[in-house]
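Residue-level structure breakdown
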Amino acid sequence: MEIRFSEAELKEIEQHKSKYPNPKSALMPVLWMAQNKWGWLSNEVMQYVADLLNLTYAHVLGVATFYTMYFKKPMGKYHVQVCTNVSCMLHKGDEMFEQVSNKLGIGHNERTSDGLFSLEEVECMGACGGAPMVAINEDFYEKTNISFVSKMLDELK
Amino acid sequence: MIKDTPKLILRDIPDLHKVDVYLKNGGFDAFKKALTWTPDEVTNEVKKSGLRGRGGAAFPTGLKWSFMPKGIDKPKYLAINGDESEPGSFKDRQIFEQNPLQLVEGILIAGYAMGLKAGYIYIRGEYHKWVKLMEDAVKSAYDAGFVGEKMKETFGTNFSMDIYVHKGAGAYICGEETSLMNSLEGERGYPRVKPPFPAQFGLWGMPTTVNNVETIATVPAILNMGAENYSKIGAPKHPGTLLFGVSGHVNKPGVYELPTGTLLTDIIYDVCGGVIGNKKIKAVIPGGSSMPPLRGDEIEGVMMDEESLKPLGTHIGTGGIMVMDEDTDLVKITLRIAHFYHHESCGQCTPCREGTGWMEKILKRILKGEGTSKDLDLLVSVANNIEGNTICALGDAAAWPVRGFVTKFRDEFEKRVKPSREFVAPNVVHGKVTSKDKLVFA
Ligand SMILES: Cc1cc2nc3c(=O)[nH]c(=O)nc-3n(C[C@H](O)[C@H](O)[C@H](O)COP(=O)(O)O)c2cc1C
Ligand code: SF4
Ligand code: FES
């Protein structure tokens, strides 16, 4: 797979750069674009982003590893995030995590062998009033329960 | 009665996020009013209103704005803090969803008052959908000529500014204002040593103010109703309405806009329909997980504003109220909180990096039934050693709840630990056993 943004994407990157007095600030938006396009941030992708923005590879790596949402290894097509922080724990979010983990047969930050699912025990997602909550990729499911989540995972298979 | 209180931010108007609806409901009137005043007059109006920051520290907003240097040539910035990652806090997202244009208008007012070049709305990465909603709202405001170069013509003014949305990528620490600035600059989100303060040396080295989303979204309401009227809502020393996010064991969790100083029991029992299954309350965290808890038997008569909570040893924080019923295992909850802060520590300061790890380790031991009562003192001592000895307030945020739970619920923690390594030895006086006093070897 060739690591290259399309012309349209390169234009978008220029737009991001123009929002800030220093183009270095475009790094986070560009890492988001890269992750959305290639699924995760491989060394090649990070090197490419570094070249595009005139940054060192070390800097890009440092930033990519600082933030938990940038994936440093391939994740599932469906990234399942279960919140176990306090408000969710009060609604058995921790048990939900165990159940999802057993169902998928993977633990925290692991991926199923078919590459379909990955699982993450996440910190508070800012949806505490909707506890317990699960997110799949970018979508939040609030006031949910294991049978709903279970069914949804079956349908995604 | 509580239900009749004014809604200044979460107004019950369908489709308020659309420009035409917002305009029909007084949109940008506050900004137009601001333009008839001098910038200093606007700042003074905000000062007079008594508005205090909604990001956690309840710092007076007008005062903060007045720290920005004047009459200089440098570009100045506003960072609008929508990182919202404090466990128990979920109110800013309601603003992105329900009234994003009021946030835009608030930014313009702040921009005019402080002479800003641009405002950056920093939104946590997990809020994908709400980032998009906010981006759409900003774009629609640009398209309608209310932001950017075109606003000069629209409002007939020399002032113009830009507004951008910046998406985070999963780091609680980026809610800390200097970490947020580093993050916006394309760096790792390490907090900076203060001084220099952001008003002197902020984003890209320029004067910068950091305010919470709710703080800024409140400003248009203040200008519309007048500072005088606003200051009469709620608690006199911490006035206004506040977005309380209530979670945990209540029947109707959610975000509620209520006057400051509202009784905590009214919020729990009236507004939120009481505790699930009518159970008793064991503990309440009043303002997000960093804030020390209250015991269930303490909450009667507690008013929800900073000045009322301070004497009780806790704070309003982000207004995130977490209710725990009588069956809650507080050792488990405290461990979960300790784990969170350990996980989120950026690792720059030894007391925070090591201390949060120790607290988690000790609590794990206690949860397993392997702790001793000495561990409880140790937890308090570790917390004391973190507090005040770190670059940023995450250290305090980690120390406070752990110390709070262990001291306030000492009885519950004691039941979960073994007595310290001790044995009962006869007390020997003049060769005679007098009693079975304990000799403690711990
Ligand atoms: C660890 C940590 C996390 C924080 N997270 C947030 C946050 O998510 N949102 C926020 O507005 N303020 C947060 N703050 C407080 C900010 O540093 C800052 O005080 C606030 O944004 C100022 O806005 P205000 O004056 O309007 O309250 C955090 C502080 C610390 C120490
Ligand atoms: S207190 Fe903790 S989070 Fe804050 S700078 Fe120090 S190590 Fe980092
Ligand atoms: S604790 Fe789970 S979303 Fe906040």
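Residues numbered from 1 in each chain as written. Chains lettered and ligands numbered in written order. Predicted model: local features only at pLDDT ≥ 70, side-chain atom pairs only at ≥ 80, totals over all residues.

Attention shifts here to the interface of chain B and chain A. With 44 residues of chain B at the interface, the matching set in chain A holds 31 residues. Elements represented by at least two residues in the side of chain B that touches chain A include exactly α7 (128–143), β3 (162–167), β7 (241–248), β8 (254–259), β11 (320–325) and α14 (330–344) of chain B. Here the side of chain B that touches chain A takes 5 residues from α14(B), the largest share from any one element. Of the residues in the side of chain B that touches chain A, the class split is 17 nonpolar, 17 polar and 10 charged. (Contact = placed C-beta atoms within 7 Å. Helix = DSSP H or I, 4+ residues; strand = E, 2+ residues; numbered from the N terminus. Nonpolar A, V, L, I, M, F, W, Y, C, P; charged D, E, K, R; others polar.)

Residue and element names in this part refer to chain B. By nearness alone, 24 residues border ligand 1, and G53, G55, G175, N212 and T215 come closest of all. Contributing elements (two or more residues each) for the shell around ligand 1: β4 (208–212) and α17 (394–408). Of all the elements, β4 adds the most residues to the shell around ligand 1, at 3 residues. Its residues placed into classes, the shell around ligand 1 shows 8 nonpolar, 9 polar and 7 charged. Of the residues that make up the shell around ligand 1, three or more belong to each of domain 1 (2–231) and domain 3 (330–416). (Near = placed C-beta within 6 Å. Domains from an automatic or database assignment.)

Residues and elements named next belong to chain B. Near ligand 2 there are 14 residues, and of these C346, C349, C352, T390 and C392 occur at the shortest range. Counting residues per element, the ones that place at least two in the shell around ligand 2 are α15 (350–367) and α17. Looking at the shell around ligand 2 residue by residue, the classes come out as 8 nonpolar, 5 polar and 1 charged.

The next thing to look at is the packing of α15(B) against α17(B). Residues and elements named next belong to chain B. Running from N to C, α15 and α17 point in directions that differ by 25°, and their axes come no closer than 10 Å. Relative to α17, the element α15 is oriented roughly parallel. The handedness of the crossing between α15 and α17 comes out as left-handed. Across the interface between the two elements, P351, C352, T356 and M359 from α15 touch L394, G395, A398 and V402 from α17. Its residues placed into classes, the contact of α15 with α17 shows 6 nonpolar, 2 polar and no charged. (Axes fitted to C-alpha atoms, helices over the stretch in contact; angles between N-to-C directions. Parallel < 35°, antiparallel > 145°, perpendicular 65-115°, else oblique. Left-handed = near helix turned anticlockwise from the far one by under 90°.)

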